[in-house]
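# Summary of structural features
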Amino acid sequence: MTNPTYYIDSIVNLESKITELNKTWTNIYLLVDENTKADCLPSVMEHVPFLKDANLLVLDSGEENKTLEICDSLWSSLIDTGADRKSLLINLGGGVITDMGGFVASTFKRGIDFIHIPTTLLGQVDAAIGGKTGVNLEYSKNQVGTFAHPLFTFIDSQFLRTLPEREFMSGMGEVIKYGLIADKALFELLKDKQSLIANLETIIKSSTDIKNQYVTTDFKEEGDRKKLNFGHTVGHAIESYYMVEVLHGEAIGAGMICESYISFKQGKITEQVLNEVNEMVFSFFDKIELEEKMLEPILNEMKADKKNVNGKLNFTLLTGIGTSEIDHFIEDEMAKDSLTYYFNL
Ligand SMILES: NC(=O)c1ccc[n+]([C@@H]2O[C@H](COP(=O)([O-])OP(=O)(O)OC[C@H]3O[C@@H](n4cnc5c(N)ncnc54)[C@H](O)[C@@H]3O)[C@@H](O)[C@H]2O)c1
Ligand SMILES: [Zn+2]
């Protein structure tokens, strides 16, 4: 497996990055959804003449479309337009497009070349880095997928200018996570709300560096890559329970508070650090309204987590701002207490 490569650069320079690969393809495809078609495609077409004859594949936006049925329609479109093993697929969009496009490309004829151009903050700092692709099954997320790397991921923060504010903030959930698990300086930078946009390149660079580092050293998630799951055991459970009303980063925000509470209860961080986490999360996100009756179903969602071992919940815990430890096996009761803690904040 070659090392993943990503560039943080202006779209103007994409063409030269493609040329530098020194490869030729028989067919080139560009995958978009209706929003990235309207907001991102024009600038790609303007600055990347190489793509002028690309076949456009347009999907409906939304997590509910990240399905095998849609992949099936994409595979059929590829076949119908004469795609062969020497085809290239360029995925221009958020995590839904890059996850699904990566999956379609990595399985079509046992794998064709693909490039990611993530256009959401979540995509740029997370989904398009690390080589995980996949789709959802019914109401269970990311159940089918592959580990497969794009030729490269190309990140241009200018695309984020058209991103709805709520989607942008959702991406910040992952950025806060990177700060908490591995980069105190990044965490501190996020306190300066006035300069958030001015600091965006630095924020994206720090985040992708952390993700890339874990992914390169632990591709199959057997060691430190698990740190990236901080906030996600509880967060995913909340997200699955609510399905569409709560965005990923918002759920992860709540999850980070719960898992910081567990870190505190396990004696890993002080109450002051816990409060600092809470303050940071609430500076980006409103509280998600939980009711007493939701705690049990959310706990049940947690117990279905792929990372659990022998029925015990597996958590990454904080040991401070910017440091963390993997593989803490936690009793159900403690996980439930953490939800109650959040519920009572
Ligand atoms: N593979 C991984 O490692 C990984 C990691 C994290 C998340 N994910 C996946 O990523 C997905 C979520 O990604 P997301 O948050 O980017 O959601 P998304 O792809 O649904 O995009 C969010 C919305 O923003 C729109 N959009 C995208 N770019 C835009 C732009 N520049 N301007 C205007 N609108 C734009 C989209 O059309 C969509 O409506 C989930 O399916 C999740 O499972 C994967
Ligand atoms: Zn996440």
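Numbering of residues starts from 1 in every chain and runs along the sequence as written. Throughout, the order in which chains and ligands are written sets their labels, letters from A for the former and numbers from 1 for the latter. Reporting of local features is limited, given that this is a predicted model, to residues whose pLDDT is at least 70; pairs of side-chain atoms are given and counted only at 80 or more, and all residues count toward the totals for whole chains, interfaces and linings.

As a further point, take the overall build of the chain. The helix and strand inventory of the chain stands at 14 helices and 10 strands. Here the globule rule is a power law, 2.2 Å times the number of residues to the power 0.38, and the radius of gyration is based on C-alpha atoms. By the compact-globule yardstick of 20 Å for 345 residues, the chain fits well, its C-alpha radius of gyration being 20 Å. The principal-axis extent of the C-alpha atoms belonging to the chain is close to 60 × 40 × 35 Å. Remark: C-beta atoms are placed from the backbone, and a residue is labelled buried if 20 or more other C-beta atoms sit within 10 Å of its own, exposed if 12 or fewer do, or partly exposed between those counts. Within the span of the chain, comprising 345 residues, buried residues form 44% of the whole. Note on contacts: residues are paired as contacts if their backbone-placed C-beta atoms lie within 7 Å. Taking all contacts inside the chain whose residues are at least 6 apart in sequence as the whole, residues at least 24 apart take part in 75%. The helix count covers DSSP runs of H or I at least four residues long, the strand count covers runs of E at least two residues long, and both are numbered beginning at the N terminus.

Close contact between helix α10 (residues 232-242) and helix α11 (residues 248-265) brings their axes to 7 Å; oriented N to C, the two are set at 135°. When the interaxial angle is binned, α10 and α11 end up oblique. The two elements α10 and α11 cross, and the hand of that crossing is right-handed. Here His-232, Thr-233, Val-234, Gly-235, Ile-238 and Glu-239 of α10 lie close against α11, whose contacting residues are His-248, Ala-251, Ile-252, Ala-254, Gly-255, Cys-258 and Glu-259. Inter-axis angles, ranging from 0 to 180 degrees, are taken between N-to-C directions of lines fitted to C-alpha atoms, where helices are fitted over the stretch in contact. Orientation categories follow fixed angle ranges, with anything under 35 degrees roughly parallel, anything over 145 roughly antiparallel, 65 to 115 roughly perpendicular, and all other angles oblique. Helix crossings get a hand from a simple test, with the near helix turned counterclockwise from the far one by less than a right angle marking a left-handed crossing and a clockwise turn marking a right-handed one.

The next subject is helix α5 (residues 95-107). Between the first and last C-alpha of α5 there are 18 Å, a value that for 13 residues agrees with the 18 Å anticipated at 1.5 Å per step. In terms of residue burial, α5 counts as a mostly covered element, since 12 of its 13 residues are buried. All buried positions along α5 are accounted for by Gly-95, Val-96, Ile-97, Thr-98, Asp-99, Met-100, Gly-101, Gly-102, Phe-103, Val-104, Ala-105 and Ser-106. Trailing α5 by a residue or two, Lys-109 shows a phi angle of about 50°, which is positive. Here, expected helix span is obtained from the residue count minus one, scaled by 1.5 Å.

Counting residues in each nonpolar core, the largest one holds 91 residues, and the members touching the most others are Leu-31, Leu-89, Ile-90, Leu-92 and Leu-180. Taken domain by domain, this core gets at least three of its residues from each of domain 1 (6-162) and domain 2 (166-343). Apart from residues no more than four positions distant in its own chain, Leu-89 is found in contact with Tyr-29, Leu-31, Gly-101, Val-104, Ala-105, Ile-112 and Phe-114. Working definition: the nonpolar core is a set of buried Ala, Val, Leu, Ile, Met, Phe, Trp, Tyr and Cys residues, joined through C-beta atoms within 7 Å. For the domain bounds, the source is a domain assignment made automatically or taken from a database.

Locating Ser-324 in the fold gives a position in strand β10 (residues 323-330). Here the alpha-carbon distance between Ser-324 and Ser-263, two residues 61 residues apart in the chain, equals 9.4 Å. When sequence neighbours within four positions are dropped, the list of residues in contact with Ser-324 reads Ile-181, Lys-227, Phe-230, Thr-316, Leu-317, Leu-318 and Thr-319.

Here we come to the site of ligand 1. Taken together, 30 residues are adjacent to ligand 1, and Asn-35, Ser-61, Gly-94, Gly-95 and Thr-120 come closest. Under the grouping applied here, Gly and all other residues not named as nonpolar or charged are polar, the nonpolar ones being Ala, Val, Leu, Ile, Met, Phe, Trp, Tyr, Cys and Pro and the charged ones Asp, Glu, Lys and Arg. Split into classes, the residues belonging to the shell around ligand 1 amount to seven nonpolar, 14 polar and nine charged. Mapped onto the domain boundaries, the shell around ligand 1 takes at least three residues apiece from domain 1 (6-162) and domain 2 (166-343). Here is the check we use: build the C-beta atom from the backbone, and if it is within 6 Å of the molecule or strand, call the residue near.

Taking burial as the measure, the six residues of strand β4 (residues 88-93) include six buried ones, the bulk of the element. Side chains of β4 alternate between two faces, with Leu-88, Ile-90 and Leu-92 and Leu-89, Asn-91 and Gly-93 buried alike. For strand β2 (residues 28-33) and β4, the ladder comprises four bridges, and the chain directions are parallel. Looking at β4, one finds that Tyr-29 is bridged to Leu-89. Inspection of the sheet shows β4 paired to strand β5 (residues 113-118) by six bridges, in the parallel sense. From the neighbouring strand, Ile-90 faces β5, where its bridge partner is Ile-115. Here the term right-handed applies to a crossover when the path leading from its first strand over the helix to its second strand runs clockwise, the strands being oriented away from the viewer. For the crossover that starts at β4, traverses α5 and ends in the parallel β5, the hand is right-handed. Here a strand pair is declared whenever DSSP counts at least two bridges between the two strands.

On to the domain arrangement of the chain. Interface size is commonly expressed as the accessible surface area that is lost when the partners come together. Along its sequence, the chain is organised into domain 1 (6-162) and domain 2 (166-343). For domain 1 versus domain 2, the distance between C-alpha centres works out to 27 Å. The interface is formed by 17 residues belonging to domain 1 together with 21 residues belonging to domain 2. Going through the elements one at a time, β1 (6-8) and α6 (121-127) are the ones with two or more residues in the side of domain 1 that touches domain 2. Here the side of domain 1 that touches domain 2 gets five residues from one element, more than from any other, and that element is α6.

Below, the discussion takes up helix α14 (residues 332-343). With 12 residues, α14 should reach 16 Å at 1.5 Å per residue; the first-to-last C-alpha distance of 17 Å fits that figure. Within the span of α14, buried status applies to Ala-335, Ser-338, Leu-339 and Tyr-342. Along the axis of α14, the buried residues cluster in a sector spanning 100°; they form a single face. At its buried positions, α14 is contacted by α10, α11, α13 (295-303), β9 (313-320) and β10. Arc definition: directions from the helix axis to the C-beta atoms.

Packing of helix α7 (residues 165-182) against helix α12 (residues 271-284) brings their axes to within 10 Å, and their N-to-C directions diverge by 160°. With respect to α12, the axis of α7 lies roughly antiparallel. As for how α7 packs across α12, the hand of that crossing is right-handed. Every residue of α12 that contacts α7 at Met-169, Met-172, Ile-176 and Leu-180 is listed here: Val-277, Met-280, Val-281 and Phe-284. Here the residues of the contact of α7 with α12 sort into eight nonpolar, no polar and no charged.

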